[in-house]
Amino acid sequence: MAVIPPSELIVNADGSIFHLHLKPEHLADRVILTGDPARVPLIGEYLENRECDVANREFHSITGSYRGKRITVVSNGIGCDNMDIVVNELDALANIDLEQRTVKPVFRRLTMVRVGTSGGLQPYVPVGSYVAAECAIGLDGVIYFYDRNEEIRDIRFEEALLQQLEWQCDGLRPYVVRADASLVEQIACDDIHRGVTIAANGFYGPQGRALRLPLHDPALNAKIGTFEYEGSRITNFEMESSALTGLSALMGHRALTVCCIIAGRIDHRMNTSYKDSLAGLIEKTLERI
């Protein structure tokens, strides 16, 4: 059995995983992820019987129970690079013996739901609505560093994107991954939109925002808005869904991103007072995870 060296699997002196500072016994099978560390204690207020409350850098974690369900809440920060850290370390806590540095013989499957905020790209997902990323488009490239990535990508969807968007960003190929279908049903039910979410590798230019720097393809957002593939349209922008969905699929976990729309990228509306809307999505996720 291969032993993973200390430079690759970094374990802190107290036995916790390097970035998250969580120990294996702290991890529940159900995980709610959120970008903002300040959102973790807000979700934590719903939990009883708290077992741990750990913070390091942008990663804040609380484990407790909600109506008999053991749940871990973790902040992942912003971006797919952070999500690469979080998913790998959560999987390590579940499936690697940190003392022996070997993969456990019995696989432990996690269910991970990211609850976040997003910008809407279609009139039927207005500000205040919720969208489940049934399909995630990655502009980040994280998944390409892992073997067998083609097995979990929708290549035909990717080709349609390149063609219809008249893709102009040389050296960057969008990838497409689908969320666990059973988890989509479980979380979205009949009151959350099921959409196609773009995980951009930035907040400004990659999402079509031009401040002082001009955009390489100023028409990209307009083309994204009219894109259609097998009846599906691109519903919203955010920054983590593709890495979460793709890495989880490669590892065998169930994962999904659900977002509250707080910006209308078509009508240029912005809701900076979105806490009540987000609270409703948090409560639905806690009930259904």
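Values in this document were obtained by computation on a predicted structure and should not be read as measured data.

Taken as a whole, this structure holds 20 salt bridges when the rule is applied. Where E238 meets R114, a salt bridge forms, and the shortest distance between an N and an O atom there is 2.7 Å. Of this pair, E238 sits in strand β11 (residues 234–238) while R114 sits in strand β7 (residues 111–120), and the two are 124 residues apart along the sequence. By relative accessible area, which is 3% here, E238 ends up buried. For R114, a relative accessible area of 2% puts it in the buried group. Note that K284 is salt-bridged to D191, the shortest N-O span being 2.7 Å. Taken together, the residues span a long stretch of sequence, with K284 in helix α7 (residues 275–288) and D191 in the loop between α4 (181–188) and β10 (193–199) at a distance of 93 residues. We classify D191 as partly exposed; its relative accessible area is 36%. Where salt bridges share partners, they join R153, E158, E159 and R173 into one cluster.

Once that is clear, we can look at the packing of helix α2 (residues 80–95) against helix α6 (residues 241–251). At their nearest, the axes of α2 and α6 sit 9 Å apart, and the two run at 30° to each other. Regarding the angle of α2 to α6, the classification is roughly parallel. Helix-helix and strand crossings are classified by hand; for α2 and α6 the assignment is right-handed. Between α2, through C80, M83, D84, V87, N88 and D91, and α6, the contact on the second element is made entirely by S242, A243, L244, L247, S248 and M251.

The nonpolar side chains of soluble globular proteins are, as a tendency, buried together. By size, the foremost hydrophobic cluster in this structure holds 34 residues, and its most contacted members are L20, L22, L33, V74, L90 and M112. Every element with two or more residues in this core is listed here: β1 (30–34), β2 (48–56), α2, β9 (175–178) and α6. The element that contributes the greatest number of residues to this core is α2, accounting for 8 residues. Leaving out residues up to four positions away in the same chain, L22 has contacts with S16, I17, C52, V54, S61, V74, L90 and L93.

A few words on the environment of A160. Along the chain, the position of A160 falls in helix α3 (residues 155–164). Here the alpha-carbon distance between A160 and F227, two residues 67 residues apart in the chain, equals 8.8 Å.

What follows covers the pairing of β11. Among the 5 residues in β11, 5 count as buried, and that is most of the element. When β10 meets β11, the two strands line up parallel, connected through 4 bridges. The residue of β11 that forms the bridge with T197 is N236. Handedness of the crossover joining β10 and β11 through helix α5 (residues 220–226): right-handed.

Okay, the packing of aromatic side chains next. According to the stated counting rule, one finds 4 aromatic pairs in the structure shown. When the centroid spacing of 5.0 Å and the interplanar angle of 80° are considered together, the rings of F203 and Y204 count as edge-to-face. Assessed through its relative accessible area of 45%, Y204 is described here as partly exposed. Among the aromatic residues, those joined into a cluster by ring pairs are F157, F227 and Y229.

So, about α4. An α-helical turn contains 3.6 residues, so a residue and the one three or four places further along point in the same direction. Along α4, the residues classified as buried are L183, V184, I187 and A188. Projected onto a plane normal to the axis of α4, the buried residues spread over an arc of 110° and lie on a single side.

Let us look at the side chain of H19. Following the sequence through the fold, H19 ends up in the segment before β1. Residue classification places H19 among the buried residues on the basis of a relative accessible area of 17%.

Moving on, we come to unusual backbone geometry. Of note in the backbone geometry, R57 takes a positive phi value of approximately 55° without being a glycine. Non-glycine residue R101 carries a positive phi angle of around 65°. Following the sequence through the fold, R101 ends up in the loop between β5 (96–97) and β6 (102–103).

Turning next to the environment of G138. Residue position: G138 is located in strand β8 (residues 130–138). Taking the C-alpha atoms as reference, G138 lies 13 Å from I224; in sequence the two are 86 residues apart.

Cut-off values and rules
Residues numbered from 1 in each chain as written. Predicted model: local features only at pLDDT ≥ 70, side-chain atom pairs only at ≥ 80, totals over all residues. Heavy atoms only, no water. Salt bridge = Lys/Arg side-chain N within 4 Å of Asp/Glu carboxyl O. Helix = DSSP H or I, 4+ residues; strand = E, 2+ residues; numbered from the N terminus. Buried < 20%, exposed > 50% of the residue type's maximum accessible area, 1.4 Å probe, protein only. Axes fitted to C-alpha atoms, helices over the stretch in contact; angles between N-to-C directions. Parallel < 35°, antiparallel > 145°, perpendicular 65-115°, else oblique. Left-handed = near helix turned anticlockwise from the far one by under 90°. Contact = heavy atoms within 4.5 Å. Core = buried A, V, L, I, M, F, W, Y, C linked by side-chain atoms within 4.5 Å. Pairing = 2+ DSSP bridges. Right-handed = clockwise from strand over helix to strand, strands pointing away. Phe/Tyr/Trp six-rings, centres within 6.5 Å; stacked < 30°, edge-to-face > 60°. Arc of directions from axis to C-beta.

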